[in-house]
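Observations on chain architecture
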Amino acid sequence: MKNIVKKLQQKKLKISFAESCTGGMLASTITSISGASKVFNLGLVTYSNDAKINVLKVNKKIIQKHGAVSAECCEAMVKCLTKLSKAHINVSITGIAGPKGGTKTKPVGLVYIGVKRSNKLLITKNIFKEKTRNSIQKATVNRALMLVNSLI
């Protein structure tokens, strides 16, 4: 974690997040590190569909067609965040942390993570097998940071 903040500082990169199912845990994790103010730009918790549509400006047709928990929504979130934040690296997270809310096609633990750095865009589909809401959220934050680290 500390080395991510340090790497971002060394390369003079800013980072921003748009989180849904992690509820700000990713932003909290980064801001718990001394020096984060030099690299952390913006953190949004766009938990509801309305927030995704009205704050991030995700096209509501994407959510109507694919659902908020989808690769399409995750991609739209990270692209909209990039426009809004002007940060070098942008991360979006949308998923089902449980313990309720899952379906056969979208089980609890299904989380999409999007990371965008200039013209590199990575959208990953993750199925976390952790049993509790908090452990799914933590696993998501760890995976997101691993993806960010790979693009620094």
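Before going into details, it helps to say that this report is about the structure given with it. (Residues numbered from 1 in each chain as written. Predicted model: local features only at pLDDT ≥ 70, side-chain atom pairs only at ≥ 80, totals over all residues. Heavy atoms only, no water.)

**Notes on unusual backbone geometry**
- The peptide bond linking Gly98 to Pro99 adopts the cis configuration, its omega dihedral lying at 0 degrees.
- Turning to its location among the elements, Pro99 is positioned in the loop between strand S3 (89–95) and strand S4 (110–117).
- Non-glycine residue Lys86 carries a positive phi angle of around 60 degrees.
- Within the element layout of this structure, Lys86 appears in the loop between helix H5 (71–85) and S3.
- In this structure, Ser118 takes a positive phi of about 45 degrees despite not being glycine.
- Position of Ser118 relative to the elements: it lies in the loop between S4 and strand S5 (120–127).
- Residue classification places Ser118 among the exposed residues on the basis of a relative accessible area of 54%. (Helix = DSSP H or I, 4+ residues; strand = E, 2+ residues; numbered from the N terminus. Buried < 20%, exposed > 50% of the residue type's maximum accessible area, 1.4 Å probe, protein only.)

**Remarks on the environment of Leu122**
- By the element assignment, Leu122 lies in strand S5.
- With 26 residues separating them along the chain, Leu122 and Val148 place their C-alpha atoms 9.8 Å apart.
- Setting aside chain neighbours within four positions, we find Leu122 in contact with Ile113, Gly114, Val115 and Leu147. (Contact = heavy atoms within 4.5 Å.)

**Here we look at the pattern of salt bridges**
- Within the structure shown, the criterion is met by one salt bridge.
- Lys79 serves as the salt-bridge partner of Glu75, at 2.7 Å between the closest nitrogen and oxygen. With a gap of four residues between them, Glu75 and Lys79 both fall in helix H5, about one helical turn apart.
- Look at Glu75 and you get partly exposed, because its relative accessible area is 28%. (Salt bridge = Lys/Arg side-chain N within 4 Å of Asp/Glu carboxyl O.)

Note that all results are geometric; they support no functional claim without further evidence.
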